[in-house]
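Residue-level structure breakdown
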Amino acid sequence: MAHPASNDVDIDLSHHLSTMSKSRHASPLKDIIKYMSEPGMTSLAGGLPNPSLFPFVKADIEILDPGSSLSPDDATKSGHAGPETTYHLLLDRYGDPSQNTLSKAMQYTGGSGDAQLTRICYDFVKEVYQPAREDFNVLLSSGNTDAWAKVVQLLCEPGEYILVEQFVYPSAQHFYIPMGCKGVPVEMDGDGILPEVLEEILKSWATKHPGVKRPHVLYQVPVGQNPTGSSQTWERKRRIYGLAVQYDLIIVEDDPYYFLQFEAYVPPDAAKPAKPSNGDSDPSLIPAYLQLDIQGRVIRLETFSKTIAPGLRLGFFVASPMFTERLLRATEVSSQAPSGWSQAVVLETLRKWGKNGFLTWLSGVKDAYRSRRNWMCDAIIHNFQFDPEMHPHQGYVARVKTKSGSIVPALSFVPPKAGMFVWITLHLANNPAYKELREKLDGPTAVAQWSRDFWLLLIENKVLLTPGSYYDPWQGPDSQSKIPEDTSYFRLAYSYESREDIEAGIEKLSRAIATSWEA
């Protein structure tokens with residue numbers, strides 16, 4: 001796979017900064033903290049609590065060996081079955097101030113967080129992602145939700161338009177909606193947003209939106225997209241990055257599912273055994289946008305939520321020094337550094353495992369979610385009557401019998417190649433209840449009403465899905481839905497429940513669909 005030229009391209013991107021971001025100044029209090037650690041310094045300046053008054057004396061945390069079996073076949077919601085190899089992470093109250101101690105972890109610190117953890121993250125990014133630019137920085141964050149909120153304030157003025165995927169994670173847009181910002185949805189397929197659609201939006205913007213500033217921020221989840229599960233190919237990323245250069249875009253690469261990339265799904269009767277995992281960087285992983293970014297126009301959002309634990313609320317930005325410096329200024333006066341406890345636990349875990357151990361752990365996590373993906377796809381295949389061949393755009397299409405005896409399409413899905421979700425499309429043209437609604441209501445209103453009624457029917461049958469309407473991009477109070485008529489969407493998560501519960505849930509879904517279409 002060809003790597004872009006590694007020489008940094010000096011280009012001024014400061015015009016993308018918002019007025020708020022340009023106006024931020026360094027917190028003088030953080031300067032004080034920096035000098036307090038100098039040898040011989042007597043500090044009467046900082047209002048730091050005395051660590052002798054912290055109630056934490058010692059922490060002994062037991063973690064799994066990174067090579068432990070993570071097979072979900074033996075796992076429960078509360079943990080793993082059977083004997084396990086574990087390590088102990090010992091954190092004392094006091095000790096060498098250059099090391100990880102409870103008095104240090106629980107204290108106020110600079111907005112950039114622990115320097116040792118930052119260095120580990122930096123080295124990991126450099127070795128695993130191989131960024132095209134040498135000139136990049138890593139800045140710790142409190143997870144990707146917090147990180148995206150800071151990026152919005154970094155780049156966006158109130159009322160601006162933001163380029164987003166056709167379906168958007170709700171929390172991502174509910175931060176910028178109160179700012180008056182609106183999403184510009186870019187149509188998607190199983191490989192993510194369509195470059196030709198993105199290009200047409202940008203090329204025709206001045207004609208279709210006279211006097212309105214063209215969007216300059218593209219927000220996307222390129223791997224295991226939430227909610228659709230789509231993943232961009234390398235060629236598609238290259239085309240999208242080329243458009244970013246041509247039209248001066250900043251790409252925000254929100255990528256929590258990067259290490260949960262799987263082989264293509266194969267139905268049960270043709271399944272092949274999974275390849276064993278090892279501690280090397282997985283060559284099957286499609287490279288990140290960082291490997292294309294010769295101009296510093298990618299801001300990558302990383303998180304430990306999907307690979308270690310979401311309750312840590314810990315992640316990091318990867319971006320050019322100009323962007324990370326402005327993000328640091330915002331961090332100093334808002335969230336401050338991420339939780340010291342979370343930083344200490346992750347730092348000791350990554351030290352104990354080492355880079356190869358962490359990669360082994362990531363491979364095990366990937367394998368576990370691949371098994372879960374297969375469970376759900378197998379269950380769907382088992383419970384519905386599918387066409388023998390996959391359709392180019394709809395994937396697997398299932399048909400049901402109506403009351404009149406005709407066989408009609410009812411459900412389709414594209415098996416995901418990454419992430420935690422299956423996105424199903426329900427085809428309503430031949431659904432009796434929907435046809436009655438359609439006689440009285442316009443298309444979008446009829447779809448919304450039918451989807452709500454069907455969702456409540458599923459709840460009555462004790463199966464809970466996420467309605468696709470939750471992911472409609474906000475385009476303003478008067479905007480019309482861009483969802484195709486006669487179509488409803490739902491997101492199914494295979495990340496949490498047991499195999500038995502997944503199979504039971506899909507069976508309940510199939511019964512509800514049969515009942516609805518045969519009514």
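Residues numbered from 1 in each chain as written. Predicted model: local features only at pLDDT ≥ 70, side-chain atom pairs only at ≥ 80, totals over all residues. Heavy atoms only, no water.

1. Here's the deal with the packing of helix α5 (residues 144-155) against helix α10 (residues 321-332)
Threshold: To get an axis, a line is fitted to the C-alpha atoms, and for a helix only the part in contact is used. The angle between two axes follows their N-to-C directions and goes from 0 to 180 degrees. By the criteria applied, helices consist of DSSP H or I runs no shorter than four residues and strands consist of E runs no shorter than two, each listed in order from the N terminus. These descriptions rest on fixed angle ranges, namely under 35 degrees for roughly parallel, over 145 for roughly antiparallel, 65 to 115 for roughly perpendicular, and the rest for oblique. Should the near helix be turned anticlockwise from the far one by less than a right angle, the crossing is termed left-handed; should it be turned clockwise, right-handed. In what follows, a contact means two residues having at least one pair of non-hydrogen atoms within 4.5 Å.
It is the contact of α5 with α10, at a shortest axis distance of 10 Å, that shows an interaxial angle of 110°. In terms of orientation, α5 and α10 fall into the roughly perpendicular class. Seen along the crossing, α5 lies across α10 with a hand that is right-handed. Between α5 and α10, the contacting residues are K150, V151, L154 and L155 on the first element and F323, R326, L327, A330 and T331 on the second.

2. A short note on the nonpolar core
One recurring pattern in soluble globular proteins: nonpolar side chains tend to sit buried together. Rule in force here: For our purposes a nonpolar core is just a set of buried Ala, Val, Leu, Ile, Met, Phe, Trp, Tyr and Cys residues, chained together by side-chain atoms within 4.5 Å. Only protein chains enter the accessibility calculation, which uses a 1.4 Å probe. A residue is then buried if its area is under 20% of the maximum for its type, exposed if over 50%, and partly exposed in between.
Residues L155, I299, L411, L426 and I513 are the most contacted members of the largest nonpolar core, which totals 133 residues. It is helix α11 (residues 340-383) that contributes the most residues to this core, 16 residues altogether. Aside from chain neighbours lying at most four places away, what touches I513 is F384, V400, A410, L411, L426 and F454. The next biggest cluster of nonpolar side chains, apart from the first, holds five residues, and it includes A59, L102, A105 and A344.

3. Let's talk about unusual backbone geometry
Residues other than glycine seldom take positive phi values, yet D248 does so here, at roughly 60°. The class of D248 is partly exposed, set by a relative accessible area of 25%.

4. What to know about the environment of R438
Here R438 is to be found in helix α12 (residues 432-440). Between the alpha carbons of R438 and R326 there is a distance of 51 Å; along the sequence they are 112 residues apart. Leave out the neighbours within four places in its chain, and R438 touches G443, A446, E485 and D486.

5. Concerning the packing of α11 against helix α14 (residues 499-518)
What counts, and what does not: Gly is placed with the polar residues, together with every amino acid not listed as nonpolar (Ala, Val, Leu, Ile, Met, Phe, Trp, Tyr, Cys and Pro) or charged (Asp, Glu, Lys and Arg).
Interaxial distance between α11 and α14 falls to 9 Å at its minimum, and their mutual angle equals 35°. The way α11 lies across α14 gives a crossing that is right-handed. Across the interface between the two elements, W375, M376, A379, I380 and N383 of α11 pack against R499, I502, E503, I506, E507 and S510 of α14. Of the residues in the contact of α11 with α14, the class split is six nonpolar, two polar and three charged.

6. Let's talk about helix α13 (residues 443-460)
Rules: For a helix, the expected span equals 1.5 Å multiplied by the residue count minus one.
With 18 residues, α13 should reach 26 Å at 1.5 Å per residue; the first-to-last C-alpha distance of 26 Å fits that figure. Those residues of α13 that are buried lie in contact with β17 (421-427), α12, β18 (466-467), β19 (487-493) and α14. A positive backbone phi angle near 65° is found at K462, which sits one or two residues after α13.

7. Looking at the side chain of S230
Among the secondary structure elements, S230 is positioned in the loop between β10 (217-220) and α9 (234-246). In this structure S230 comes out as buried when scored by relative accessible area, which is 5%.

8. Let's talk about the pattern of salt bridges
Note the following rule: Here, a salt bridge means any Lys or Arg side-chain nitrogen found within 4 Å of an Asp or Glu carboxyl oxygen.
What the rule picks out here adds up to 25 salt bridges. Here E196 and R239 are joined by a salt bridge, their closest N and O atoms 3.6 Å apart. Of this pair, E196 sits in helix α7 (residues 195-203) while R239 is found in helix α9, placing the two residues 43 residues apart along the sequence. E196 sits in the partly exposed class, given a relative accessible area of 43%. Take R239: its relative accessible area is 42%, and that puts it in the partly exposed class.

9. Some points on helix α4 (residues 115-129)
Using the following cut-off: What the arc measures is the spread of directions leading from the helix axis to the C-beta atoms. What qualifies as a polar contact is a pair of N or O atoms within 3.5 Å, subject to a donor-acceptor requirement within protein and to the restriction that residues adjacent in sequence count only when both atoms come from side chains.
With 15 residues, α4 ought to run about 21 Å at 1.5 Å a step, and its terminal C-alpha atoms sit 20 Å apart, in line with that. The complete set of buried residues in α4 reads L117, T118, C121, Y122, F124, V125, V128 and Y129. The arc enclosing the buried residues of α4, seen along the axis, measures out at 165°, which places them on a common side. Looking at the packing, one finds that the buried side of α4 touches β5 (137-141), β12 (298-303), β13 (315-319) and α11. For α4, the N-terminal cap is D114; the gap from its side-chain oxygen to the backbone nitrogen of Q116 is 2.8 Å.

10. Considerations on the environment of G224
When you line up the elements, G224 lands in the loop between β10 and α9. Residue class for G224 comes out buried when judged on its relative accessible area of 0%. Taking C-alpha positions, G224 is 34 Å from L437, a pair spaced 213 residues apart along the chain. Dropping the residues within four chain positions of it, G224 is found in contact with G229, S230, S231, Y257, A418 and G419.

11. A few points about the packing of aromatic side chains
Rules: Each aromatic pair joins two rings of Phe, Tyr and Trp (for Trp, the six-membered one) with centres within 6.5 Å, and gets the label stacked for planes under 30 degrees apart, edge-to-face for over 60, and tilted for any other angle. Here, a charge over a ring is recorded when the distance from Lys NZ or Arg CZ to the ring centre is within 6 Å and its angle to the ring normal is within 35 degrees.
A complete count under the given rule lists 24 aromatic pairs for this structure. Taken together, a centroid distance of 6.0 Å and an interplanar angle of 85° make the contact between Y257 and F421 edge-to-face. Here F421 lies in strand β17 and Y257 lies in the loop between β11 (250-254) and β12, a separation of 164 residues in the sequence. For the pair Y257 and F421, a shared accessibility class is recorded, and that class is buried. Taking NZ or CZ as reference, R300 lies 4.4 Å from the ring centre of Y129, over its face. In this arrangement the basic side chain of R300 is found over the ring face of Y258, its NZ or CZ atom lying 5.2 Å from the centre.

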